[in-house]
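Results of the structural survey
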Amino acid sequence: MIISVQILRALAALMVVMQHIADKAEQYHSGALSDYHIGYFGVDLFFIISGYIMCHATSQKRLSVRRFIANRIKRIIPLYWIVTAAALMVYLVAPSMVNSSGGETSIFSSWTLIPTGKKLLVQNGWTLSYEFLFYLIFAGFLVVFSLKKQIIFSSIVLMAMVLVGLYFQPQQPTLKFLTDKLFAEFILGMLAYIFLQRVPLSSVTSFLLLAAGMALLLLQNHYGLYASAAGRVLSGGVPMLLLFTGIVGLEPVISKIAFPGKKSAILLGNASYSLYLIHPLRFLRLR
């Protein structure tokens, strides 16, 4: 277990939860967390973590494509289907309580995670569509190439998808998903893995990277910078990459020293996926 990554998972989940609280408070005209606007960047952090962890996991042992995909399905799908089933029961009794902000809900997409432009019963599940496509691309080079070439070719495929999207800007929902800029954030995670493997970071350098990431997040929160073609990859992905690299660079320190909240953060990191999926059930009318 990489303790720093577990803490980052906890941070990512808490950021999303806090953003949903802020959105709910705004819906009810409350001032709670009214100055908080960067919670959705927790998703960007999750994507970066995924890129890094897939490299780390496959560097430890060689897995068949079948075993790799089976492990991913086992980790993600059972809980997602359980939560989706709970949301479906609510939807069948009181449809207005699910996705009350508008839009058509697709039961088919909810179970298959195939993007059709319609909303999911558990709308947070949209990120899992990105995760699974990344897993499939990554797994496609799993047996044929070494990890280095696997990262290179996976990155080439992901970047080609992003560039096609930037150039053609498709509007059809499935094509729009397949060419979304957010796929570049999995590349950021893989690049972070290569960087951290090859460049030994001192504690000072790690703290500087962490501070730079936090500073960019504060600027983004207050001023909404980085309006560009790359959009969220720059506004959220780059600050979260700096924060991620800084914290993982501090792993030798974090793993050895005790500090207040460390055990809680690790436990929350272990439960981050559950928290991410289940917390919207408390805010069924939020979406």
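Conventions we followed
Residues numbered from 1 in each chain as written. Predicted model: local features only at pLDDT ≥ 70, side-chain atom pairs only at ≥ 80, totals over all residues. Heavy atoms only, no water. Helix = DSSP H or I, 4+ residues; strand = E, 2+ residues; numbered from the N terminus. Rg over C-alpha atoms; globule rule 2.2 N^0.38 Å. Contact = heavy atoms within 4.5 Å. Lys, Arg positive; Asp, Glu negative; His and termini not counted. Charge placed at Lys NZ, Arg CZ, Asp CG, Glu CD. Patch = residues over 30% accessible without salt bridge, like charges linked within 9 Å, V, L, I, M, F, W, Y side chains within 5 Å. Areas by Shrake-Rupley, 256 points an atom, 1.4 Å probe, with all protein chains shown as cover. Salt bridge = Lys/Arg side-chain N within 4 Å of Asp/Glu carboxyl O. Phe/Tyr/Trp six-rings, centres within 6.5 Å; stacked < 30°, edge-to-face > 60°. Buried < 20%, exposed > 50% of the residue type's maximum accessible area, 1.4 Å probe, protein only. Axes fitted to C-alpha atoms, helices over the stretch in contact; angles between N-to-C directions. Parallel < 35°, antiparallel > 145°, perpendicular 65-115°, else oblique. Left-handed = near helix turned anticlockwise from the far one by under 90°. Nonpolar A, V, L, I, M, F, W, Y, C, P; charged D, E, K, R; others polar.

The next subject is the overall build of the protein chain. Along its length, the protein chain carries 13 helices and 0 strands. Counting helices and strands in the order they occur from the N terminus, the protein chain gives α-α-α-α-α-α-α-α-α-α-α-α-α. What you see for the protein chain is a C-alpha radius of gyration of 19 Å, in line with the 19 Å of a compact globule of 287 residues. If you line up the protein chain on its principal axes, its C-alpha atoms span 55 × 45 × 40 Å. Within the protein chain, counting contacts between residues at least 6 apart in sequence, those at least 24 apart form 75% of the total. If you average the places of the 23 positive and of the 9 negative side-chain charges in the protein chain, the two averages end up 13 Å apart.

As a further point, take a positive patch on the surface. A cluster of basic side chains, namely Lys61, Arg66, Arg67 and Lys74, defines a positive patch on the protein surface. Residue placement: Lys61 occurs in the loop between helix H2 (41–60) and helix H3 (65–93).

Among the secondary structure elements, Met1 is positioned in the segment before helix H1 (3–27). Spatially, the C-alpha atoms of Met1 and Leu128 are 22 Å apart, while their sequence positions differ by 127 residues. Beyond its immediate sequence surroundings of up to four residues, Met1 is in contact with Gln6, Ile266 and Asn270.

Under the counting rule described, the total for this entry stands at 19 aromatic pairs. Taking 4.7 Å as the distance between ring centres and 35 degrees as the angle between the ring planes, the aromatic pair formed by Phe47 and Phe186 counts as tilted. In this pair, Phe47 sits in helix H2 while Phe186 sits in helix H8 (residues 184–198), placing the two residues 139 residues apart along the sequence. Look at Phe186 and you get buried, because its relative accessible area is 0%. When the ring of Phe68 is compared with that of Tyr135, the centres are 6.4 Å apart and the planes differ by 85 degrees; the resulting orientation is edge-to-face. Of this pair, Phe68 sits in helix H3 while Tyr135 sits in helix H5 (residues 126–140), and the two are 67 residues apart along the sequence. Residue Phe68 is classed as buried on the basis of its relative accessible area, which comes to 3%. Of the aromatic side chains, those joined through ring pairs into one cluster are Phe47, Phe68, Trp126, Tyr130, Phe132, Phe134, Tyr135, Phe138, Phe177, Phe183 and Phe186.

Now for the packing of helix H6 (residues 147–168) against H8. At a closest axis distance of 9 Å, the pairing of H6 and H8 adopts a crossing angle of 150 degrees. It follows from the interaxial angle that H6 and H8 lie roughly antiparallel. Once H6 is placed against H8, the crossing between them reads as left-handed. Residues Leu147, Lys148, Ile151, Ser154, Ser155, Leu158, Met159 and Val162 of H6 touch H8, and the partners they reach there are Ala184, Phe186, Ile187, Met190, Tyr193, Ile194 and Arg198. Looking at the contact of H6 with H8 residue by residue, the classes come out as 11 nonpolar, 2 polar and 2 charged.

Along the polypeptide, Phe177 turns up in helix H7 (residues 173–178). Sequence separation between Phe177 and Pro115 is 62 residues, and the spatial gap between their C-alpha atoms is 7.0 Å. Those residues in contact with Phe177 that sit more than four places away from it in its chain are Pro115, Ser129, Tyr130, Leu133 and Phe183.

The phi dihedral of Leu113 falls on the positive side, at around 65 degrees, and the residue is not glycine. By the secondary structure assignment, Leu113 is in the loop between helix H4 (107–112) and H5. Residue Leu113 is classed as buried on the basis of its relative accessible area of 8%. The phi torsion at Gln169 lies on the positive side, around 45 degrees, for a residue other than glycine. With respect to the helices, strands and loops of the structure, Gln169 is situated in the loop between H6 and H7.

This part takes up a nonpolar patch on the surface. On the surface, Leu14, Met18, Ile21 and Leu33 cluster together into a nonpolar patch covering about 280 Å² of accessible area. Following the sequence through the fold, Leu33 ends up in the loop between H1 and H2.

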